[in-house]
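A closer look at the structure
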Amino acid sequence: MITVALPKGSLLKDTIRMLQGAGLDFSGFLDSSNRQLQIVESSGRAQGLLVRAQDVPVYVEYGQAQLGIVGYDVLYEKEPNVAQLADLGFGSCRFSVATKKDGPYRSALDLPPHCRVASKFVHSARRYFQSIDLPVEIIPLSGSVELGPITGMSEAIVDLVSTGRTLKENNLMELEVLFESTARLVAHPLSYRLNVDNLSEYVDLIRQQVLVVA
Ligand SMILES: Nc1ncnc2c1ncn2[C@@H]1O[C@H](COP(=O)(O)OP(=O)(O)OP(=O)(O)O)[C@@H](O)[C@H]1O
Ligand SMILES: O=P(O)(O)OC[C@H]1O[C@H](OP(=O)(O)OP(=O)(O)O)[C@H](O)[C@@H]1O
């Protein structure tokens, strides 16, 4: 029996829909009266683990799950030792540097050396500013990072932007898009290579779903 790590939160519905198309029914995770974090799907061929989006690659890297669904942004941040097998096409968002709309900066290169940048994605933010040779102080936050520039704690933020509504309603604007992110199918590398429990069969079925939806 294979184990799949499913991300709680904004990717869950599309993840369940895609796995359903591949013959794996984890819709039980959508039932809010159910607090079970591990369920065996109806055919008995697979079990699902419901984990925080950030933790999906952890379960896959350690081999507790052979497959997982996770945003590219998380893979970029954590650089886990997992095999990326498919771009699933949903969960689109961009990873951007943003600042106050009425502030003095119009590009990331305008930011002054040693300024502060708030982010949930500390490594990604650091890598970006290193790549443009701008020394900055990264302030790690766990959420609501838009408050950084609003309160004056930071000059800029590095965060995910999807509809752009959060930036707009907080009078912020994007300075730079670092990359676009979508949900990815990842696998435990050794299990994939050895085709444990016919893993490749499930991977093919999930890949076919991407083509059906596209
Ligand atoms: N508007 C969005 N905001 C955040 N993530 C988005 C958005 N749109 C798509 N995503 C994708 O969904 C993934 C999960 O985001 P979600 O907001 O559900 O969890 P999280 O905030 O990373 O985790 P947690 O709520 O457990 O702290 C992100 O890693 C990203 O790939
Ligand atoms: O462009 P939008 O569609 O408005 O989405 C972007 C917002 O969504 C995410 O936050 P999330 O909802 O995960 O909450 P958080 O601030 O607690 O991380 C992200 O960090 C932005 O704040």
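Quick caveat, the model's predicted, so the values are computed rather than measured.

This part covers the sheet that holds strand β9 (residues 156-161). As summarised here, the arrangement of the five strands in space is β8-β7-β9-β6-β10, forming an open sheet in which the pairing is mixed. On the outer flanks of this sheet lie β8 (137-140) and β10 (172-181), each paired with one strand and no other. Across the sheet, the mean angle from the axis of one strand to that of its neighbour is 25°, orientation sign disregarded. Across six bridges, the pairing between strand β6 (residues 93-100) and β9 is antiparallel. Looking across to β9, one finds that R94 is bridged to V161.

One finds F26, L67, L88 and L185 to be the most contacted residues of the largest nonpolar core, which totals 30 residues. Broken down by secondary-structure element, the contributors of at least two residues to this core are β1 (2-7), α1 (12-21), β3 (46-51), β4 (67-71), β5 (83-87), β11 (183-187) and α8 (199-213). Sorting elements by how many residues they give to this core places α8 first, with five residues.

Attention now goes to the site of ligand 2. Taken together, K120, G143, S144, E146, D159, L160, V161, S162, T163, G164, R165 and T166 make up the full set of residues near ligand 2. One of the side-chain nitrogen or oxygen atoms of D159 is found 2.8 Å away from an oxygen atom of ligand 2. The separation between an oxygen atom of ligand 2 and a polar main-chain atom of S162 is 2.8 Å. The protein chains hide 63% of the 490 Å² of surface that ligand 2 would expose on its own. Of all elements in the fold, only β9 and α6 (165-169) reach the threshold of two or more residues within the shell around ligand 2. If you tally residues by element for the shell around ligand 2, the top one is β9, at three residues.

According to the stated counting rule, one finds seven aromatic pairs in the structure shown. Ring geometry for F26 against F29: centres 6.3 Å apart, planes inclined by 20°, an arrangement best described as stacked. You'll find F26 and F29 in the same group, each marked buried. Ring centres 6.1 Å apart and planes at 55° place the aromatic pair Y72 and Y76 in the tilted group.

In this structure's numbering, the residues bearing the UniProt feature "domain: ATP phosphoribosyltransferase catalytic" (unreviewed entry) are residues 52-206. Here residues 52-206 runs as 30% helix and 30% strand, with 21 Å between its end C-alpha atoms.

The next point concerns unusual backbone geometry. A positive phi angle, near 60°, is found at D133, a position not held by glycine. Checked against the element boundaries, D133 lands in the loop between α4 (122-131) and β8. For D133, a relative accessible area of 69% corresponds to the exposed category. The backbone of D197 sits at a positive phi, close to 50°, despite the residue not being glycine. In this structure, D197 sits in the loop between α7 (189-194) and α8.

As summarised here, the arrangement of the six strands in space is β2-β3-β1-β4-β11-β5, forming an open sheet in which the pairing is mixed. Bordering the open sheet on either side are β2 (38-40) and β5, each of which pairs with just one other strand. When the angles between neighbouring strand axes are averaged without regard to direction, this sheet yields 25°. Pairing analysis gives five bridges linking β4 to β11, with the strands arranged antiparallel. Along β11, the bridge assignment pairs L67 with A187. Packed onto the sheet, α1 meets β1, β3 and β4 and runs at close to 150° relative to β1.

About the cut-offs
Per chain, the residues get numbers from 1 upward, laid out in the order the sequence is written. Numbering of ligands from 1 and lettering of chains from A proceed in the order in which they are written. Only residues with pLDDT of at least 70 are given local features in this predicted model, and only at 80 or more are side-chain atom pairs given and counted; all residues enter the totals for whole chains, interfaces and linings. By convention in this description, side-chain values take in all heavy atoms of the structure and omit both hydrogens and water. Pairing between strands is defined by DSSP: at least two bridges between the two strands are required. Here a helix means four or more residues in a row that DSSP labels H or I, a strand means two or more in a row labelled E, and each is numbered from the N terminus. Throughout, an axis means a line fitted to C-alpha atoms (over the contacting stretch in the case of helices), and angles, computed between N-to-C directions, take values from 0 to 180 degrees. Nonpolar cores were defined as sets of buried Ala, Val, Leu, Ile, Met, Phe, Trp, Tyr and Cys residues, with membership established by side-chain atoms within 4.5 Å. Using a 1.4 Å probe on the protein chains alone, a residue whose accessible area is under 20% of its type maximum counts as buried, one over 50% counts as exposed, and one in between counts as partly exposed. One heavy atom suffices: a residue is near a molecule or strand as soon as one of its heavy atoms comes within 4 Å of it. Think of a polar contact as two N or O atoms within 3.5 Å of one another; within protein, one of them needs to be a possible hydrogen donor and the other a possible acceptor, and neighboring residues in sequence only count if both atoms come from side chains. To be clear on the numbers: accessible area is Shrake-Rupley with a 1.4 Å probe, and residue cover counts the displayed protein chains and nothing else. The aromatic pairing rule takes the rings of Phe, Tyr and Trp, using the six-membered ring of Trp, and pairs them if the centres are within 6.5 Å, calling planes under 30 degrees apart stacked, those over 60 edge-to-face and the rest tilted. UniProt positions are given in the numbering used here, feature names are shortened, and annotations may be inferred rather than shown by experiment. Any two residues whose heavy atoms approach within 4.5 Å are treated as being in contact.

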